[in-house]
Amino acid sequence: MKTDLTDTTSSKINKALVLGRRAIGTPAVGMVLTLVIVTDEENAYDALKAANEASREHPSRTLVVIKRVSRSPRDRAQARLDAEVRLGADASTGETVVLRLYGDVVDHAQSVVLPLLLPDAPVVVWWPVNAPTDPANDPLGALAQRRVTDTYAAEQPIQELTARADAYTPGDTDLSWTRITPWRSMLAAALDQVVCEVTSAVVEGEEFNPSVELLAMWLADRLKIPVRRSTSAGPGLTSVRMETNCGPIVLDRADGSLATLSIQGQPDRAVALKRRETAELIAEELRRLDPDDTYASALKFGLERLDEEAATTAPAPEPETETEARAEAVEPAPAEEPAEAPAAKPAGKKAPARKAAAK
């Protein structure tokens, strides 16, 4: 059932919801939360489709806030609110209200949304695109217990991670973090099967994918080891290699669906690790509405700290050879001690042999 309201108010929208529930024969409200989606017209369809699929697991009232851009000064001066109320089969198992804001009301979206929130029910705000730098201080984000962003949709995803860390408030989360939940579970299960000490790790994935950085920071934060980030053609995360004193542990996913887990001394195992749709990610985030302390710890670890530790403790093979050669050239160096000067010549003769062996 769909009801279109033009130039309306929040009270008229609430009245349309009550009349709609009576018309379809479900006067009681069986919603467990309010999901507010803040998006633009271009991404509204995909976001609403994902929310409707997630509502099968979490029946909720979904409020889609679309801020329309007025092209002329005359249009910007005219405040208007249009709404589309969907109930029954058109809204899956919940209720959906699509709000289109025009003019000055765009800057006061919270005053439109507040009367439509379910009483005594948690509120979750999701920005599929164009999320604010500080979600907790956003007028709509201040209404919510849980604030969901997606740095993967940002123009500069890696820089966006740093901004999220600086402005983090308990209750913030990101779908780039949700995407690596199966990876974290699989790696933790692999380490439970062996009694070994992890010394270093390499996380490989496509460029400009914040999930790769988050997984690397999580490993470095939890295991206290140097972690290096490597670039691949994708899709998404492709492999994680952990070096231990018992041999390497490798989780490799080349095709985006099936991964291979390799542990030293054990046969290789195929594990399901497919890339999940947005509806599955949102459904996972709605299962828990308390602050995610693990995400906060990994996010605040810092990209700069990750790069510095990887460069210092786990350098690439070529710089190692150069460092050794420079160290050998410097060791016999003291020119002020004539007694040690003759010993420097044999050392210089041996250096080419070592380089040849290294080649």
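Keep in mind it's a predicted model, so treat the numbers as computed, not measured.

Enquirer: How would you sum up the sheet that holds strand S8 (residues 172-174)? Please name residues and give values.
Expert: Through backbone hydrogen bonds, the strands of a sheet pair up, either in parallel or in antiparallel fashion. One open sheet accounts for 8 strands, arranged S1-S4-S5-S3-S2-S6-S7-S8; its pairing is mixed. For this open sheet the edge positions go to strand S1 (2-5) and S8, each flanked by a neighbour on one side alone. Shown here is a sheet whose adjacent strand axes are inclined to one another by a mean of 15°, direction ignored. Pairing geometry for strand S2 (residues 33-39) and strand S6 (residues 123-126), over 4 bridges, is parallel. Within S6, the residue paired with Leu-35 across the bridge is Val-124. Contacts between helix H1 (residues 10-24) and the sheet are confined to S1, strand S3 (60-67), strand S4 (80-86) and strand S5 (95-102), with S4 contributing the most and set at about 15° to the helix.

Enquirer: Before we move on, could you go through the sheet that holds strand S9 (residues 198-206) and cite the residues and values that matter?
Expert: The 6 strands lie next to each other as S10-S9-S11-S12-S13-S14, forming an open sheet whose pairing is mixed. Among the strands making up the open sheet, the edge pair consists of strand S10 (227-232) and strand S14 (269-272). Neighbour-to-neighbour, the strand axes of this sheet turn through a mean angle of 15°, independent of strand direction. Against the sheet, helix H7 (residues 181-192) makes contact with S9, strand S11 (237-244), strand S12 (249-252), strand S13 (258-263) and S14, and its axis sits at roughly 25° relative to S11, the strand it touches most.

Enquirer: An account of the pattern of salt bridges is needed here, citing residue identities and associated values.
Expert: Two side chains that carry opposite charge are able to pair once their charged atoms sit near each other. Across all of its chains, the model carries 18 salt bridges by this definition. Between Glu-84 and Arg-100 there is a salt bridge; the shortest N-O distance is 4.0 Å. One end of the pair, Glu-84, is in strand S4; the other, Arg-100, is in strand S5, with 16 residues separating them in the sequence. Among the charged side chains, a network of salt bridges with common partners joins Glu-41, Arg-68, Glu-84, Arg-86 and Arg-100.

Enquirer: Outline the state of the cysteines, supporting the account with residue identities and numerical values.
Expert: A full pass over the atoms with the stated rule returns 1 disulfide. The partner cysteine of Cys-196 in its disulfide is Cys-246, sulfur to sulfur 2.1 Å. Because the torsion about its S-S bond is -115°, the bridge between Cys-196 and Cys-246 counts as left-handed. Here Cys-196 is found in the loop between H7 and S9, whereas its partner Cys-246 is found in the loop between S11 and S12, with 50 residues between them in sequence. Relative accessible area serves as the criterion here: at 27%, Cys-196 is assigned to the partly exposed category. Residue class for Cys-246 comes out partly exposed when judged on its relative accessible area of 37%.

Enquirer: An account of the side chain of Arg-147 is needed here, citing residue identities and associated values.
Expert: By the element assignment, Arg-147 lies in strand S7 (residues 146-149). Among residues more than four places away in sequence, those in contact with Arg-147 are Val-125, Trp-127, Pro-135, Ala-136, Gly-141, Thr-169, Pro-170, Gly-171, Asp-172 and Thr-173.

Parameters at a glance
Residues numbered from 1 in each chain as written. Predicted model: local features only at pLDDT ≥ 70, side-chain atom pairs only at ≥ 80, totals over all residues. Heavy atoms only, no water. Pairing = 2+ DSSP bridges. Helix = DSSP H or I, 4+ residues; strand = E, 2+ residues; numbered from the N terminus. Axes fitted to C-alpha atoms, helices over the stretch in contact; angles between N-to-C directions. Contact = heavy atoms within 4.5 Å. Salt bridge = Lys/Arg side-chain N within 4 Å of Asp/Glu carboxyl O. Disulfide = S-S within 2.5 Å. Buried < 20%, exposed > 50% of the residue type's maximum accessible area, 1.4 Å probe, protein only.

Geometric values such as these leave the question of function open.
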